[in-house]
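Each chain, written out:
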Amino acid sequence: QVQLVESGGGLVQSGGSLRLSCRASGFTFSSYTMSWYRQAPGKERELVASISSAGASTNYAEFVKGRFTISRDNAKNTVYLQMNSLKPEDTAVYCCKAVSPATRRNYWGQGTQVTVSS
């Protein structure tokens, strides 16, 4: 059974930091590109960051460049999102997504709430 379980969300003050984790099971994690998305109330879901299967390549949305860092540990089947200098506009539900570059098969986690107070 495929599972993506996010953790690490919470309430933080503006300027603070959080580290999100997404633990995967039920598929070959090391073969999948992993991404973090977010969706704020009343807004469309948007891509935050992605990382290639071996971790050699990363991409970031402009609005998080220099503040967020995506990383992965294939031995632990986990992808991380380190979020620094958080702003109230970063408030959203953050979800991880796994995509197979070979088959385009994809899986989503349920998400974790991040709330940044001003």
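Everything numeric here is computed off the predicted structure, so don't read it as measured data. (Residues numbered from 1 in each chain as written. Predicted model: local features only at pLDDT ≥ 70, side-chain atom pairs only at ≥ 80, totals over all residues. Heavy atoms only, no water.)

## A look at the packing of aromatic side chains
Then, number 1: With the rule as written, the count across this model stands at four aromatic pairs.
Then, number 2: Judged by centre distance (5.1 Å) and plane angle (40 degrees), the rings of Phe 27 and Tyr 107 are tilted. On the criterion of sequence distance, the pair formed by Phe 27 in the loop between β3 (18–25) and β4 (33–39) and Tyr 107 in strand β10 (residues 106–108) is long-range, its members being 80 residues apart.
Then, number 3: Taking the relative accessible area as the measure of exposure, Phe 27 reaches 13% and is therefore buried.
Then, number 4: Judged by relative accessible area, Tyr 107 falls into the buried class, the value being 18%.
Then, number 5: Following the ring pairs from residue to residue traces out a cluster consisting of Phe 27, Tyr 32 and Tyr 107.
Then, number 6: Stacked on the ring of Tyr 80, the Lys or Arg Arg 19 has its end atom at 4.0 Å from the ring centre.
Then, number 7: The ring of Phe 29 has Arg 72 sitting right over it, with the charged end atom 4.4 Å from the ring centre. (Phe/Tyr/Trp six-rings, centres within 6.5 Å; stacked < 30°, edge-to-face > 60°. Helix = DSSP H or I, 4+ residues; strand = E, 2+ residues; numbered from the N terminus. Buried < 20%, exposed > 50% of the residue type's maximum accessible area, 1.4 Å probe, protein only. Lys NZ or Arg CZ within 6 Å of the ring centre and 35° of its normal.)

## Here we look at the state of the cysteines
Then, number 1: In total, this model carries one disulfide according to the counting rule given.
Then, number 2: Across a sulfur-sulfur distance of 1.9 Å, Cys 22 and Cys 96 are joined as a disulfide pair. Residues Cys 22 and Cys 96 share a disulfide whose torsion about the S-S bond is about 50 degrees; that sign makes it right-handed. Taken together, the positions of Cys 22 in strand β3 and Cys 96 in strand β9 (residues 92–99) put the pair 74 residues apart, joining distant regions of the chain. Considered together, Cys 22 and Cys 96 belong to a single accessibility category, that of buried residues. (Disulfide = S-S within 2.5 Å.)

## A word on the sheet that holds strand β7 (residues 68–73)
Then, number 1: Ordered by their spatial adjacency, four strands build an open sheet running β1-β3-β8-β7, and the pairing between neighbours is antiparallel. The open sheet terminates on both sides in strands that have one partner only, identified here as β1 (3–7) and β7. The sheet shows a mean angle of 15 degrees between the axes of neighbouring strands, direction not considered.
Then, number 2: As defined by bridge partners, β1 adjoins β3 across five bridges and the pair is classed as antiparallel. Directly across from Gln 3, in β3, lies its bridge partner Ser 25. (Pairing = 2+ DSSP bridges. Axes fitted to C-alpha atoms, helices over the stretch in contact; angles between N-to-C directions.)

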